[in-house]
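Report on the structure
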Amino acid sequence: MILVTGGLGYIGSHTAVELLSRGYDVVIVDDLSNSEKFILHRIEEITGKKVHFFPFDLRRQELLEQVFEAFSITGIIHFAAYKAVGESQIIPLEYYENNLFSLINVCKMSKKYDCNNIIFSSSCTVYGQADVMPITEDTPIKEAESSYGRTKQMGEDILKDFARAERKRVALLRYFNPIGAHHTSKLGELPKGIPNNLVPYVTQTASGIREYLQIFGDDYDTPDGTAIRDYIHVEDLAKAHVAALGFLEKKLSDTVESSIEIFNLGTGKGSSVLDIVKAFETATGIPIPYIIVPRRAGDITEAYADPSRANSFLNWKAETSLEESLRSSWVWQQSLN
Ligand code: NAD
Ligand code: WQD
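So, a few notes on the structure that sits alongside this text. (Residues numbered from 1 in each chain as written. Chains lettered and ligands numbered in written order. Predicted model: local features only at pLDDT ≥ 70, side-chain atom pairs only at ≥ 80, totals over all residues. Heavy atoms only, no water.)

1. What about the packing of helix α9 (residues 273-284) against helix α11 (residues 322-336)?
For any two helices packed against each other, the geometry comes down to the angle between their axes and how far apart the axes lie. Two elements in contact, α9 and α11, have axes separated by 8 Å at closest approach and are oriented at 70°. Of the possible angle classes, the one that applies to α9 and α11 is roughly perpendicular. For the pair α9 and α11, the contacting residues are Ile276, Ala279, Phe280, Ala283 and Thr284 in the first and Leu322, Glu323, Leu326, Arg327 and Trp330 in the second. Broken down by class, the residue content of the contact of α9 with α11 amounts to seven nonpolar, one polar and two charged. (Axes fitted to C-alpha atoms, helices over the stretch in contact; angles between N-to-C directions. Helix = DSSP H or I, 4+ residues; strand = E, 2+ residues; numbered from the N terminus. Parallel < 35°, antiparallel > 145°, perpendicular 65-115°, else oblique. Contact = heavy atoms within 4.5 Å. Nonpolar A, V, L, I, M, F, W, Y, C, P; charged D, E, K, R; others polar.)

Shown next, in the form of structure tokens:
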């Protein structure tokens, strides 16, 4: 049985589907702070499998313990966290409290109930503005740009210490920019409140919810002046989690040593904001009106992954094209209207 925390969220729900399709049993803990119960039924609809679901806050250690008592959990994929960068600058303590205490409780239970494989949702944000592109796992970690980013750096440190002290296998997965929706269009990113990321702004502009897209700066030192990121389809990302779990499980049978494995999960290709606008227009035929506004505070110029470590160790690679990813975001957006 695999525990998926935050399993009704954007990346967690896609990963739950992928796990169930590969024959794993799944138990989800999610407090619905940034998700909706109907996503559970969608996961079951897509897979035709039953999912055990417990709606509580992971900071409630006694409730988490009941889940470990009830199921024999052999692996944990820990997605649950607050993730809005801007908000983390306004209410930092809530970010530290949720993201760190939830993680610590997960670690405590994995220790008490002898669960040896843990996968952690980290982020390319831990690198800040790297000096050299593409970013490898050896690229130095810099001062984080936000409290959110610091919770990811601290989360990684907690897990490194924990893995060493308790002889656990841990994979730190550093996602670049997840986009897109499930090919069935039954799952995708829910627009709770104001979106945080570029693609939901693009799809909301396409659907007329917004008059135009604001592009934050065209004076970056990049070919077209707009900032560059590595946009990876969420289903590709979900598959990487299953590959990482298999990798940890295999390590477990090979050796008794503890280990920390770090993987960058991206496509390896950088795209500018204007590239995204053009690719969206090509994929859907819908024009995206935009205006250029000043840079957004805390934004970096460029970040794209060298995913070759994940390619070779996990036998995984991002396969969905940018156009296809953006088309899936658009189909999902329309299903919300
Ligand atoms: P999401 O908000 O859609 O999913 C997170 C889920 O966790 C939500 O369903 C929320 O209700 C739940 N949750 C939060 N705190 C909880 C708690 N204390 N107890 C129980 N449930 C709780 O986010 P996502 O985009 O799916 O991101 C998943 C993980 O990946 C997060 O850790 C995030 O920081 C990380 N990440 C996301 C991105 C991105 O751009 N989406 C990029 C890099 C890393
Ligand atoms: C992408 C590009 C914006 C909105 C964030 C987190 C990072 C990680 C991934 C979690 C940037 C530009 C955006 C808009 C725009 N998440 N933009 N107009 O900033 O790379 O990273 O998500 O770990 O930690 O910081 O992603 O999607 O917000 O922005 O021009 O309306 O789009 O300036 O260049 P970002 P994003």
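2. Observations concerning the site of ligand 1
Around ligand 1, a shell composed of 28 residues is seen, among which Asp30, Asn34, Phe79, Asn98 and Tyr148 lie nearest. With respect to ligand 1, the side chain of Asn98 contributes an N or O atom lying 2.6 Å from a nitrogen atom. Contact with the protein chains covers 96% of the free accessible surface of ligand 1, which is 820 Å². Listing elements by their share of the shell around ligand 1, those giving two or more residues are α1 (10-21), α5 (92-112), β5 (117-123) and α6 (147-166). Per-element accounting of the shell around ligand 1 gives the leading share, three residues, to β5. (Near = heavy atom within 4 Å. Polar contact = N/O pair within 3.5 Å; in protein donor to acceptor, adjacent residues only side chain to side chain. Areas by Shrake-Rupley, 256 points an atom, 1.4 Å probe, with all protein chains shown as cover.)

3. Looking at the sheet that holds strand β11 (residues 259-265)
The sheet built from seven strands is open, its strands ordered β3-β2-β1-β4-β5-β6-β11 with parallel pairing. Single-partner strands in this sheet number two, and they are β3 (52-54) and β11. Shown here is a sheet whose adjacent strand axes are inclined to one another by a mean of 15°, direction ignored. Pairing of strand β1 (residues 2-5) with strand β4 (residues 75-78) involves four bridges; the strand directions are parallel. Bridge pairing in β4 links Ile2 to Gly75. Contacting β1, β4 and β5, α5 crosses the sheet at an angle of about 175° to β4. (Pairing = 2+ DSSP bridges.)

4. Section: the pattern of salt bridges
If you walk through the whole model with that rule in mind, you get 16 salt bridges. Salt-bridge contacts for Arg60 lead to Glu62; the nearest nitrogen and oxygen are separated by 2.9 Å. For Arg60, a relative accessible area of 41% translates into the label partly exposed. Arg150 serves as the salt-bridge partner of Glu143, at 3.3 Å between the closest nitrogen and oxygen. A relative accessible area of 64% means that Glu143 is categorised as exposed. (Salt bridge = Lys/Arg side-chain N within 4 Å of Asp/Glu carboxyl O. Buried < 20%, exposed > 50% of the residue type's maximum accessible area, 1.4 Å probe, protein only.)

5. Observations regarding the packing of aromatic side chains
This structure, assessed with the given rule, holds seven aromatic pairs. Here the aromatic rings of Phe247 and Phe263 are separated by 5.7 Å at their centres, their planes lie at 85°, and the arrangement is edge-to-face. Residue Phe247 is located in helix α8 (residues 234-254), and its partner Phe263 is located in strand β11; the two are separated by 16 residues in the primary sequence. Exposure remark for Phe247: the relative accessible area of 17% places this residue in the buried category. Ring geometry for Phe247 against Phe313: centres 6.2 Å apart, planes inclined by 90°, an arrangement best described as edge-to-face. Of this pair, Phe247 sits in helix α8 while Phe313 sits in helix α10 (residues 308-313); the two residues are 66 residues apart in sequence, bridging distant segments of the chain. By the ring-pair criterion, three or more aromatic residues cluster together here, those being Phe247, Phe263 and Phe313. Cation over ring: Arg295 sits above Tyr220, and NZ or CZ is 3.9 Å from the ring centre. Above the plane of the ring of Phe313 lies Arg309, whose end atom (NZ or CZ) is 4.5 Å from the centre. (Phe/Tyr/Trp six-rings, centres within 6.5 Å; stacked < 30°, edge-to-face > 60°. Lys NZ or Arg CZ within 6 Å of the ring centre and 35° of its normal.)

6. Overview of the site of ligand 2
Looking at ligand 2, there are 19 residues lining it, with Ser123, Tyr148, Gln214, Arg229 and Asp299 nearest. Asn177 is positioned such that a nitrogen or oxygen atom in its side chain is 3.0 Å from an oxygen atom of ligand 2. In the environment of ligand 2, an oxygen atom lies 2.9 Å from a nitrogen or oxygen atom belonging to the backbone of Phe216. Notes on ligand 2: free accessible area 690 Å², of which the protein chains cover 90%. Sorting the residues of the shell around ligand 2 by element identifies α7 (198-206) and β8 (213-216) as the ones contributing at least two each. At four residues, the largest contribution of residues to the shell around ligand 2 is made by β8. When the residues that make up the shell around ligand 2 are grouped by side-chain class, the tally is ten nonpolar, six polar and three charged.

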